[in-house]
Amino acid sequence: TLFNFTSKMKIGLGMAALGRPGYINLQRNTHLTSRTIEGMQQQANAVIDELFQQCLEINKSTPAESDGGKIVPWLDCARSYGLSEKFVGEYLRENNVRPEDVYVSSKWGYTYVADWKVELGEREPHEVKDHSLENFMKQVQETDSHIGPYLNLYQVHSATFDSGILTNTQVHEALHKCRVEKGWKLGLSMSGPNQDEIIREALKINVGDEQSTTATPSTTKQKHTRLFDSVQCTYNILEQRPSPALMEAHNAGMDIIIKEGLANGRALLYPKLAEMARRVGCSTDALALGAILAQPFQPRVLSGAVTKEQLRSNLDALSVAEKLMGTEEGKEVLKELMDECKMESEEYWKERSALKW
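Please read all numbers here as calculations on a predicted model, not as lab measurements.

(A) Broad picture of the overall build of the chain. A tally of regular secondary structure across the chain gives 13 helices and 12 strands. A burial count over the chain gives 55% of its 357 residues as buried. Across the chain, contacts joining residues at least 24 apart in sequence account for 79% of those joining residues at least 6 apart. Summed over its atoms, the accessible surface of the chain is roughly 15900 Å², and 50% of this surface lies on carbon and sulfur atoms.

(B) The packing of aromatic side chains, seen in detail. Inspection of every chain in the model, using the stated rule, returns 7 aromatic pairs. Ring centres 5.2 Å apart and planes at 90 degrees place the aromatic pair Tyr235 and Phe297 in the edge-to-face group. Of this pair, Tyr235 sits in the loop between strand E10 (230-234) and helix H7 (243-251) while Phe297 sits in the loop between helix H9 (284-293) and strand E12 (300-303), and the two are 62 residues apart along the sequence. What makes Phe297 buried here is its relative accessible area of 0%. Consider the rings of Tyr348 and Trp349, whose centres lie 5.2 Å apart with planes at 80 degrees: the pair is edge-to-face. Trp349 matches Tyr348 in its accessibility class, with the two residues each being buried.

(C) Representation of the sheet that holds strand E6 (residues 151-156) within the structure. Ordered by their spatial adjacency, 8 strands build a closed barrel running E1-E2-E3-E6-E7-E10-E11-E12, and the pairing between neighbours is parallel. Neighbour to neighbour, the strand axes of the sheet diverge by 30 degrees on average, direction disregarded. Relative to strand E3 (residues 103-108), strand E2 (residues 74-76) runs parallel, the two being bridged by 3 bridges. Residue pairing in the sheet places Leu75 in a bridge with Val104 of E3.

(D) Broad picture of the pattern of salt bridges. One pass over the structure, following the stated rule, counts 30 salt bridges. A salt bridge links Glu275 to Lys272; the nearest nitrogen and oxygen atoms lie 3.3 Å apart. Taken together, the positions of Glu275 and Lys272, both in helix H8 (residues 271-280) and 3 residues apart, correspond to about one turn of that helix. When its relative accessible area of 36% is taken as the criterion, Glu275 is described as partly exposed. On the basis of relative accessible area, Lys272 is assigned to the buried category, the value being 13%.

Conventions used here
- Residues numbered from 1 in each chain as written.
- Predicted model: local features only at pLDDT ≥ 70, side-chain atom pairs only at ≥ 80, totals over all residues.
- Heavy atoms only, no water.
- Helix = DSSP H or I, 4+ residues; strand = E, 2+ residues; numbered from the N terminus.
- Buried < 20%, exposed > 50% of the residue type's maximum accessible area, 1.4 Å probe, protein only.
- Contact = heavy atoms within 4.5 Å.
- Areas by Shrake-Rupley, 256 points an atom, 1.4 Å probe, with all protein chains shown as cover.
- Phe/Tyr/Trp six-rings, centres within 6.5 Å; stacked < 30°, edge-to-face > 60°.
- Pairing = 2+ DSSP bridges.
- Axes fitted to C-alpha atoms, helices over the stretch in contact; angles between N-to-C directions.
- Salt bridge = Lys/Arg side-chain N within 4 Å of Asp/Glu carboxyl O.

Without other data, these values stay purely geometric and don't point to any function.
If you want it as structure tokens, here you go:
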């Protein structure tokens, strides 16, 4: 197969802040010196370079796994992350990266409309949501043209009950047909205080293989297939509400991906995190991400790094998570951190919606 669906890399590079000039992460201005297309692409290339280098180092320093697998770099894009798919596709082609040597995920459902501006007028959106069949058919072609041969996972971007995606059987059939024909796994991301409800609803959505004209005899024996293979959810030391639903999804065999692991930088402002990081002997970001990796629903986590230094620090979370899971002191630190930093979900999302792009 052309596709490696089981990237063992537990931390991926999210392109939300590298593919466009405006985003809500705190203190982003101090890290990005150029907001031109060329400047942003150069910065994206430098951070992707670092990810490939770090994966190479990890593969060198760890014994080959029993199945002979190796860690491959993981990049997460979206149609609405500005030019993220273009940047990633051009990088991979120009560096002659083979599809099996990288794991790429992307999303459809939002259209980027900020026209490469950082500042927009009052109430002018940077992106517009549309989960219709027409928009899926349009955006899947756009994604395919940029990163098609590399893509492993295609996700609905920010599924909600209001957007209709959870009940639109026409879109479900089109997604399933895409999975059968292209070999891409299917996922959905979500945001807001009711993420847990959306996860549970997504677990119930099945598609009949007989609906696909390209299904093989072996697959048609199965009457129903769960539509979604993965969920991408906001979870961090502040926002912990989705935990039981994520455990249910994990137990059902779904791939769990966590976004906004640093809460757009807000988690790093908590004194308790700094105190616990000193105790563990690591950076605050590595502890915040390590605490997520140590959760029983066994997630993969996205880094929002925009510099090589940030990425290297984020990747330290891999060894921090081992300490948190493997030592008594680590388990105590994890429990204390999660207990004392937890916020009410509604308050968390109210604060997030007030962040300036």
